[in-house]
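Results of the structural survey
Chain residues, written in single-letter form:
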Amino acid sequence: MSESRVPRRRRFLVCEPRHFAVQYAINPWMHPDIRVDVDLAQEQWRSLVHTYRVHGHTVDTVEPVPGLPDMVFAANSAVVVDGRVFGSLFHAPERRPESLHYDTWFKASGYDVHRPESVCEGEGDLVPTGRYVLAGTGFRTTREAHHEVQEFFGVPVIGLTLVDPYFYHLDTALFVLGEGAAENIAYYPDAFSPGSREVLRRLYPDAVEATREDAMAFGLNSVCDGLHVFMSPDATALAGRLADRGYVPVPVDLSELRKAGGGVKCCTQEIR
Ligand code: ARG
């Protein structure tokens, strides 16, 4: 029952993991006593960038800053819809200084940046679908920020409560598949409170559901361009389900970045 899928060229903003490290623990994936291989992290990251370019996407880069090891997770720095940039205010004090550097990049590129009043972590928790902004809360981004996002974009914000600390950002538990008439999502239901799960079922009765194994393999931290799904090679069951629906999984291994709790989507800010 595969429908025909059409990719759309995207513009992505990324940040090289030159200063990547696990120096603090702000999610259950992070263990500061485990060594990270920065060369491997950089090699894996370069293959992500190469893969995007090969598939026709534009990739811009922010210069990494020493002492900000999580700056590679560009998704957390903002959410951009129709060229309007809603910046971030990180929960963890260790990450707060990242915002300045991303804001500087956006401003130098001709964008105004809205500075939020409440804690919110960009596309980590704020996922534009076209019709809505799906908005996670529970670990990082606050309910107050959801309200601010709705006022700023004038798009309905659907608040969703995350309940499992391994899936501390919405983008670790859900990603957007098709757009427009084909708007759909893939998600891991148990990452959400019962009410939020019900909301997702109502909005997306045809969603692709992932198993816990797929979610723990960072399979939901994926980027879809309408046809290709840039995703963890370890989420094999999910890749099969996506292929059954007419999507083309494109494996990108970011195992070294997983030591900080990040994957494909975490490394990718979309400039819409
Ligand atoms: N170590 C980072 C943190 O916990 C990882 C962020 C991953 N980013 C994401 N979009 N989920 O904040």
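Going by the structure above, here's the rest.
This structure is a prediction, so every number in the text was calculated from the model and none was measured. (Residues numbered from 1 in each chain as written. Predicted model: local features only at pLDDT ≥ 70, side-chain atom pairs only at ≥ 80, totals over all residues. Heavy atoms only, no water.)

Next up on the list: helix α2 (residues 98-108). If you check which residues of α2 are buried, you get E98, S99, Y102, D103, W105 and F106. Across the axial projection of α2, the buried residues extend over an arc of 160°, all falling on one side. Opposite the buried face of α2, by more than 90 degrees, sit the exposed residues L100, K107 and A108. Once α2 finishes, G110 follows within two positions and takes phi at roughly 95°, a positive value. (Buried < 20%, exposed > 50% of the residue type's maximum accessible area, 1.4 Å probe, protein only. Helix = DSSP H or I, 4+ residues; strand = E, 2+ residues; numbered from the N terminus. Arc of directions from axis to C-beta.)

Now for the side chain of N184. With respect to the helices, strands and loops of the structure, N184 is situated in the loop between β9 (174-176) and β10 (185-187). Residue class for N184 comes out buried when judged on its relative accessible area of 8%. Among residues more than four places away in sequence, those in contact with N184 are F175, V176, L177, G178, Y204, D206, A207 and R245. (Contact = heavy atoms within 4.5 Å.)

In a soluble, globular protein the nonpolar side chains are often hidden away together inside. If you look at the biggest cluster of nonpolar residues, it comprises 35 residues, and the most contacted ones within it are L134 and F192. Residues in contact with F192, not counting those within four places in the same chain, are L160, T161, L162, V163, L170, A173, L174, Y187, R197 and L200. Grouped together as the second largest cluster of nonpolar side chains are 25 residues, M30, V49, V72 and C267 included. (Core = buried A, V, L, I, M, F, W, Y, C linked by side-chain atoms within 4.5 Å.)

Let's shift gears to the site of the ligand. Close to the ligand lie 17 residues, the nearest being N27, R95, H169, D171 and C266. At a separation of 3.0 Å, a nitrogen atom of the ligand approaches a polar side-chain atom of D70. At 2.6 Å, a side-chain N or O of R95 approaches an oxygen atom of the ligand. (Near = heavy atom within 4 Å. Polar contact = N/O pair within 3.5 Å; in protein donor to acceptor, adjacent residues only side chain to side chain.)

Our next topic: the pattern of salt bridges. The final tally for this structure, using the stated rule, is 19 salt bridges. The partner of R10 in a salt bridge is E179, with the nearest N and O atoms 3.6 Å apart. In this pair, R10 is assigned in the segment before β1 (11-15) and E179 in the loop between β9 and β10, connecting sequence segments 169 residues apart. Overall, R10 belongs to the buried group, its relative accessible area being 7%. Classification of E179 by relative accessible area gives partly exposed; the value is 37%. Note that E256 is salt-bridged to K259, the shortest N-O span being 2.7 Å. Each of the salt bridges in this network shares a partner with another, and the network as a whole consists of R8, R10, E123, E179, K265, E270 and R272. (Salt bridge = Lys/Arg side-chain N within 4 Å of Asp/Glu carboxyl O.)

Along helix α3 (residues 143-153), the residues classified as buried are A145, H146, E148, V149, F152 and F153. One face of α3 carries all of its buried residues, which in axial projection span an arc of 165°. Facing away from the buried surface of α3 by more than 90 degrees, the exposed residues are E144, H147 and E151. Each element contacted by the buried residues of α3 is listed here: β3 (78-81), β4 (84-87), β5 (113-114), β6 (126-128), β7 (133-137) and β8 (157-161). Positive phi appears at G154, one or two residues downstream of α3, with a value of about 65°.

Strand order in the open sheet formed by three strands is β3-β4-β5, with mixed pairing between adjacent strands. The open sheet terminates on both sides in strands that have one partner only, identified here as β3 and β5. Bridge count for β3 against β4 is four bridges, and the pairing is antiparallel. Residue pairing across strands places V79 opposite F86, the latter belonging to β4. Relative to β4, α3 is tilted by about 165°, and along the sheet it contacts β3, β4 and β5. (Pairing = 2+ DSSP bridges. Axes fitted to C-alpha atoms, helices over the stretch in contact; angles between N-to-C directions.)

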